Amino acid sequence: MMRKFICTRDQINLKCVLLGGQCFRWKEIAPNEYAGVFAGGFWTLIQNDDHIVYKRVPSTDSDEESLFNYLRMDENLIEYYEKWSSSDPTFQKSAKKFKGIRMLRQEPVENILSFICSSNNNITRISSMVENMCSLYGENISGTPYFAFPNIESLMGAKVEEELKKAKFGYRAKFIRQTAEKIVQLGGNKWIDKLKIMDYISAKKELMLLPGVGPKVADCICLMSLEHLEAVPVDTHVFQIACQNYLPHLKKYKTVTDRVYNEIGDYFRSLFKVNAGWAHTVLFLDDLKNFKGYDSNNDQMDSKISSKRRKKC
DNA sequence: GGCCGACCTGTGAG
DNA sequence: ACTCACAGGTCGG
């Protein structure tokens, strides 16, 4: 059953939020229409100028609550944008093009395993790997051909590693297996719940006990599924952004060392004061190749990109 | 403690 | 056609 809620594009921009590299399970199935899986259900979302239509299969009484929680609609985005804009002209510029950017409130296990796949990889391939993992080990969502994200227990054992290698996971196959086993060993969901309560630095340190989880992936997890919104993942994009706009003396570094990593994160935290990682996501989008030329005000790529797209079809 | 090369795979640029 | 670099990095030496 389709339902809707009132919401403008400035309040949330589904395209950027769902396809911008936070989560890898959403697809644009038609203009302004998105399909994906979370919380064990298959969801369809349609964005209109003044409302969003949604549907979950199978449907339950708490669908709207579940969706609001996932989209983090409980937080005042406009207020944050004003705060971040007033402390940084560079943000202000990006924010004009990328309105309605929210941090999804994701499920930790999916977040952890998806971002283990993200290392030295591109969004397209990460998405297909995650999709493969779900169809191999996830539970079928009844009434659909889609699969929920697998339980951590189903990803344990040598066989999994072998199968994932066969599914082209490369060196990440071992990390997935080892991390699944490590999470169970550390206490499973109880351990994950503790990570949400403890402070950001401690949670990050704990996460880095997992094979395949370094400082960057740990920050992604802190930011996207553990409510530590001050975590700033510093990847190649953010390093470039920092060199160009904020910390030019870092240009001489070829790679991001631990010290440089922390300097950039600390800089963003002191600049934005609150939810630095959320603010950073707006800057990140502005640097993403897939969103080059994007402007949420007209919701279209520029002519250069569109002509390229036409060629492909 | 910091730096460096290797690492699975796929794709686009040259 | 054929390298080659690079993609939301991490690990071991």
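All figures in this text were calculated on a predicted structure; none of them were measured in a lab.

## Re the protein's contact with DNA strand C
In the vicinity of DNA strand C lie 26 residues, with Ile123, Gly212, Gly214, Val217 and Asp235 positioned nearest. Near the protein, meaning within 4 Å, the atoms of DNA strand C are sugar or phosphate in a fraction of 56%, with bases accounting for the rest. Taking valine 217, its main chain carries an N or O atom lying 2.9 Å from a phosphate oxygen of DNA strand C. Of all the elements in the fold, those that place two or more residues in the surface near DNA strand C are helix H11 (215–225), helix H12 (236–245) and helix H14 (276–287). It is H11 that contributes the most residues to the surface near DNA strand C, 4 residues altogether. Considered class by class, the residues forming the surface near DNA strand C number 11 nonpolar, 13 polar and 2 charged.

## Concerning helix H6 (residues 123–137)
In a regular helix each residue adds 1.5 Å, so 15 residues correspond to 21 Å; H6 covers 21 Å between its end C-alpha atoms and thus fits that length. Within H6 the residues assigned to the buried category are Ile126, Met129, Val130, Met133, Cys134 and Tyr137. The buried residues of H6 occupy an angular sector of 135 degrees when the element is viewed end-on, so they sit on one face. Contacts from the buried residues of H6 go to helix H5 (108–116), helix H7 (158–166) and helix H8 (172–186).

## As for the domain arrangement of chain A
On domain assignment, one finds that chain A holds domain 1 (3–74) and domain 2 (108–225). Measuring from the centre of the C-alpha atoms in domain 1 to the corresponding centre in domain 2 gives 23 Å. Domain 1 puts 12 residues into the contact, and the matching count from domain 2 is 19 residues. Area buried by domain 1 at its contact with domain 2 is led by Phe24, Arg25 and Phe42, which between them contribute 56% of it. If you look at where domain 1 meets domain 2, you find 1 salt bridge. With its nearest N and O atoms 2.9 Å apart, the salt bridge here joins glutamate 131 to arginine 25. Across the contact surface, domain 1 and domain 2 share 2 residue pairs in polar contact (both at pLDDT 80 or more). Each residue belonging to the side of domain 1 that touches domain 2 can be placed in one class, and the counts come to 6 nonpolar, 4 polar and 2 charged.

## Some points on the sheet that holds strand S1 (residues 3–6)
Read from one edge to the other, the open sheet built from 5 strands follows the order S1-S5-S4-S3-S2, with strand pairing classed as antiparallel. Of all strands in the sheet, those bounded by a partner on one side alone are S1 and strand S2 (27–30). Sheet twist, expressed as the average angle between the axes of neighbouring strands with direction ignored, equals 30 degrees. With 4 bridges joining them, S1 and strand S5 (residues 51–57) adopt antiparallel strand pairing. Note on S5: the bridge partner recorded for arginine 3 is tyrosine 54.

## Some points on the nonpolar core
Counting 78 residues, the largest nonpolar core has Phe91, Leu113, Met133, Leu207, Ile264, Phe268 and Phe272 as its most contacted members. In contact with phenylalanine 272, not counting residues within four places along its chain, are Trp84, Ser87, Asp88, Phe91, Ala279 and Leu283. Counting 19 residues, the second largest nonpolar core, distinct from the first, contains Val17, Cys23, Trp26 and Leu67.

Conventions and cut-offs
Residues numbered from 1 in each chain as written. Chains lettered and ligands numbered in written order. Predicted model: local features only at pLDDT ≥ 70, side-chain atom pairs only at ≥ 80, totals over all residues. Heavy atoms only, no water. Near = heavy atom within 4 Å. Polar contact = N/O pair within 3.5 Å; in protein donor to acceptor, adjacent residues only side chain to side chain. Helix = DSSP H or I, 4+ residues; strand = E, 2+ residues; numbered from the N terminus. Nonpolar A, V, L, I, M, F, W, Y, C, P; charged D, E, K, R; others polar. Expected span 1.5 Å × (residues − 1). Buried < 20%, exposed > 50% of the residue type's maximum accessible area, 1.4 Å probe, protein only. Arc of directions from axis to C-beta. Contact = heavy atoms within 4.5 Å. Domains from an automatic or database assignment. Buried area = accessible area lost by both parts, 1.4 Å probe. Salt bridge = Lys/Arg side-chain N within 4 Å of Asp/Glu carboxyl O. Pairing = 2+ DSSP bridges. Axes fitted to C-alpha atoms, helices over the stretch in contact; angles between N-to-C directions. Core = buried A, V, L, I, M, F, W, Y, C linked by side-chain atoms within 4.5 Å.

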